[in-house]
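Structural characterization, general
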Protein chains: 2
Amino acid sequence: VTVPEPSVASRRGGEVEYTDAELEVALEPTHGTPARVKVRYRLIGPAEAPVVVVAGGISASRAACDLVEPSDASRLEPWWPEIVGERHVIDTRRFRVLSFDWLVPTEFVGTGTEDFSPPRAVTTGDQADALAALLAGLRIDRVVAYIGSSYGGMVGLAFAARYPGRLGKLVAISATHCSHPFTTAVRVIQRRIVRLGQAHGLTDEALALSRQLAMTTFRTPEEYRGRFDNTARETADGFQFEVADYLDAVGEKFTARFTADRFLALSESLDLHAIDPADISVPTTLIAVRSDRLIRTGEIRELGALLSGPHYVYEIDSMYGHDAFLKESRKISKVLRQVLNQLSD
Amino acid sequence: VTVPEPSVASRRGGEVEYTDAELEVALEPTHGTPARVKVRYRLIGPAEAPVVVVAGGISASRAACDLVEPSDASRLEPWWPEIVGERHVIDTRRFRVLSFDWLVPTEFVGTGTEDFSPPRAVTTGDQADALAALLAGLRIDRVVAYIGSSYGGMVGLAFAARYPGRLGKLVAISATHCSHPFTTAVRVIQRRIVRLGQAHGLTDEALALSRQLAMTTFRTPEEYRGRFDNTARETADGFQFEVADYLDAVGEKFTARFTADRFLALSESLDLHAIDPADISVPTTLIAVRSDRLIRTGEIRELGALLSGPHYVYEIDSMYGHDAFLKESRKISKVLRQVLNQLSD
């Protein structure tokens, strides 16, 4: 395995050591034959610092925080800029932060001699295996903490179940051990919209609609009420509502940076997720958001009760529902600070 | 105005007098020019009995209860068979029950001489006006109670605001005085799905998807959890979930009995609904379902506090959410029995 040399990015007030690269690893996907796949990752922070893995939702990337000057037009939009970075709770001066792009089946290639078909799906277990292989390739024996939200939390649960010896603590935010049939129903509809669009040359329109639908499950009625007036205005195209303009923006933003196939694979991965909590003995912190309409607090409490190891369930109030991990930086930081301050190494 | 003679339907254990007919009325729609429209209605019960109006959701029809022998293949599916009918709480031996089909813009015709375009939308106020015109045509001066659920409740609020002298009591189940932007968002997406389908020859597929999405807002996670296993089964077409089969059935059932244009018009009517509660002085009973994800209990309490007249808010627990009015016959009957027993005439 060849591991790239770290680069150095300049930041306001200093320099930070980072690697932004890809590493090919060998995997045996749950629903496929042995394969190889390139894992795109980012490692940021001092080489000698303890490693923390950070992972977000299905639309997140390896860019948890910004790397270079914001004027760089090619840069990935950071998804957790108030949590990860210098002077934030996951401080890149204290920790070496590892994050990686989620894998999808079309990225898998054969191991050489035989005919190869991509795996029929990618599972949270596959993502966990990819992380383990990545860590091995990077010569990182152990991470002090894995901090994951939404899909990233589910992958964290899979990683903790499969690789207890490599993990100090797990933090799973708005994540459970298995998908709920109600949530699956909403996602099945999202995937059906996208597939119908794909079959009729309407991929972007359908992907945008599917994302708009997802957004109604991520947020809460309380937030919408504060943001949107519901008086209809009459136009030449009919009656328009303020919230419809917002939905337009949500759809456009998503189709600009995401593909339908990637969405389909990761959405299905959420529904295929199923971990036995009894397999998890690593100390675990679960964060539940009381207003989350996608992952209910009761399910997270249930998960907590089924874990084999020490665990703590934090419940937070928010008007942002499932998106609280992206919006409630102060509340999330408070919990993470407690967890990170108690690290033994 | 010519009013049809009542027919007599035979029922197990007796005979019941009914009229199932249509009556053309004159209307001035909110978003159009003066028009005429045929209102399809059903009036069932003794001619001398006090009249109760019954109205349901946008997919309900004038068939609140069954009229004739169930072997009649052409019959409309009754939508409230456990609430309306002989020996039920809205007893067709004690009351004369009036129900009517919701109007949609394409049903409006001109008054004669001038060029005519159908109204640009139909409002709950228009439906209330149609009911008032229907009552006038049927020589019914006053109804002792209007009992409406969901859209029917919203039309009831509009009727109470516009025609206080013609109404004894209003019961509005899972209905508020205005649409919430969150609910509007979900419905805007439903209409976008249908319009995208219509524009590309996929009307039925899109209407089915839209209904599947609606169903996830009508019911609750608790109900889904009790009904559906979430273990994926692998088939030649990919991974399948039990809840997806249910969604298929939901979509097929709806497209068999509803058209896309009718759905679009009535869905938009829900979002255009806006009544000033201060205009309502008629004694009003509001029923809120605590698990309703579409119309929240807090909004119904708010409506209650803003009404000018005497009112009572009942809150009921149910695992059926917004669909509780269709599923919780025992709990709904209990409240309706109290209201109907207190009628002064």
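What you see is a predicted model, and the numbers here were worked out from it, not measured in a lab.

Bringing the relation of the copies chain A and chain B into the picture now. Least-squares fitting of chain A to chain B yields an RMSD of 0.0 Å, with the transformation described by 0.0 Å of translation along the axis and a rotation of 180°. Classification of the inter-copy transformation places it as that of a two-fold axis. Same-surface contact between copies: 100% of interface residues of chain A are shared with the interface of chain B.

Turning to the pattern of salt bridges, a few remarks are in order. Residue and element names in this part refer to chain B. Following the criterion strictly, the structure yields 46 salt bridges over all chains and no others. Salt-bridge contacts for Asp20 lead to Arg42; the nearest nitrogen and oxygen are separated by 2.7 Å. Of this pair, Asp20 sits in strand 2 (residues 14-27) while Arg42 sits in strand 3 (residues 35-44); the two residues are 22 residues apart in sequence, bridging distant segments of the chain. Assessed through its relative accessible area of 31%, Asp20 is described here as partly exposed. We classify Arg42 as buried; its relative accessible area is 7%. Salt-bridge contacts for Glu315 lead to Arg301; the nearest nitrogen and oxygen are separated by 2.7 Å. Note that Glu315 is positioned in strand 11 (residues 311-316) and Arg301 in helix 8 (residues 297-306), a separation of 14 residues in sequence. Classification of Glu315 by relative accessible area gives partly exposed; the value is 25%.

Once that is clear, we can look at the packing of aromatic side chains. Two measures describe an aromatic ring pair: the distance that separates the ring centres and the angle between the ring planes. Residue and element names in this part refer to chain B. For the coordinates displayed, the defined rule picks out 24 aromatic pairs over all chains. The interplanar angle of 20° and the centroid separation of 5.2 Å between the aromatic rings of Trp79 and Trp80 together place this pair among those described as stacked. No difference in accessibility class separates Trp79 from Trp80, as the two residues are buried. Seen in terms of ring centroids, Phe254 and Phe263 are 6.3 Å apart; in terms of plane orientation they differ by 90°. Their pairing is edge-to-face. The pair Phe254 / Phe263 is uniform in exposure class, with both members buried.

Among the secondary structure elements, A:Ile189 is positioned in helix 3 (residues 181-199). Judged by its relative accessible area of 0%, A:Ile189 is buried. As for A:Ile189 and A:Glu234, which are separated by 45 residues in sequence, their C-alpha atoms are 30 Å apart. Those residues in contact with A:Ile189, other than ones at most four positions away along the chain, are A:Leu213, B:Leu209, B:Gln212, B:Leu213, B:Thr216 and B:Leu247.

Reading guide: rules and limits
Residues numbered from 1 in each chain as written. Chains lettered and ligands numbered in written order. Predicted model: local features only at pLDDT ≥ 70, side-chain atom pairs only at ≥ 80, totals over all residues. Heavy atoms only, no water. Least-squares fit on C-alpha atoms with pLDDT ≥ 70 in both. Contact = heavy atoms within 4.5 Å. Salt bridge = Lys/Arg side-chain N within 4 Å of Asp/Glu carboxyl O. Helix = DSSP H or I, 4+ residues; strand = E, 2+ residues; numbered from the N terminus. Buried < 20%, exposed > 50% of the residue type's maximum accessible area, 1.4 Å probe, protein only. Phe/Tyr/Trp six-rings, centres within 6.5 Å; stacked < 30°, edge-to-face > 60°.

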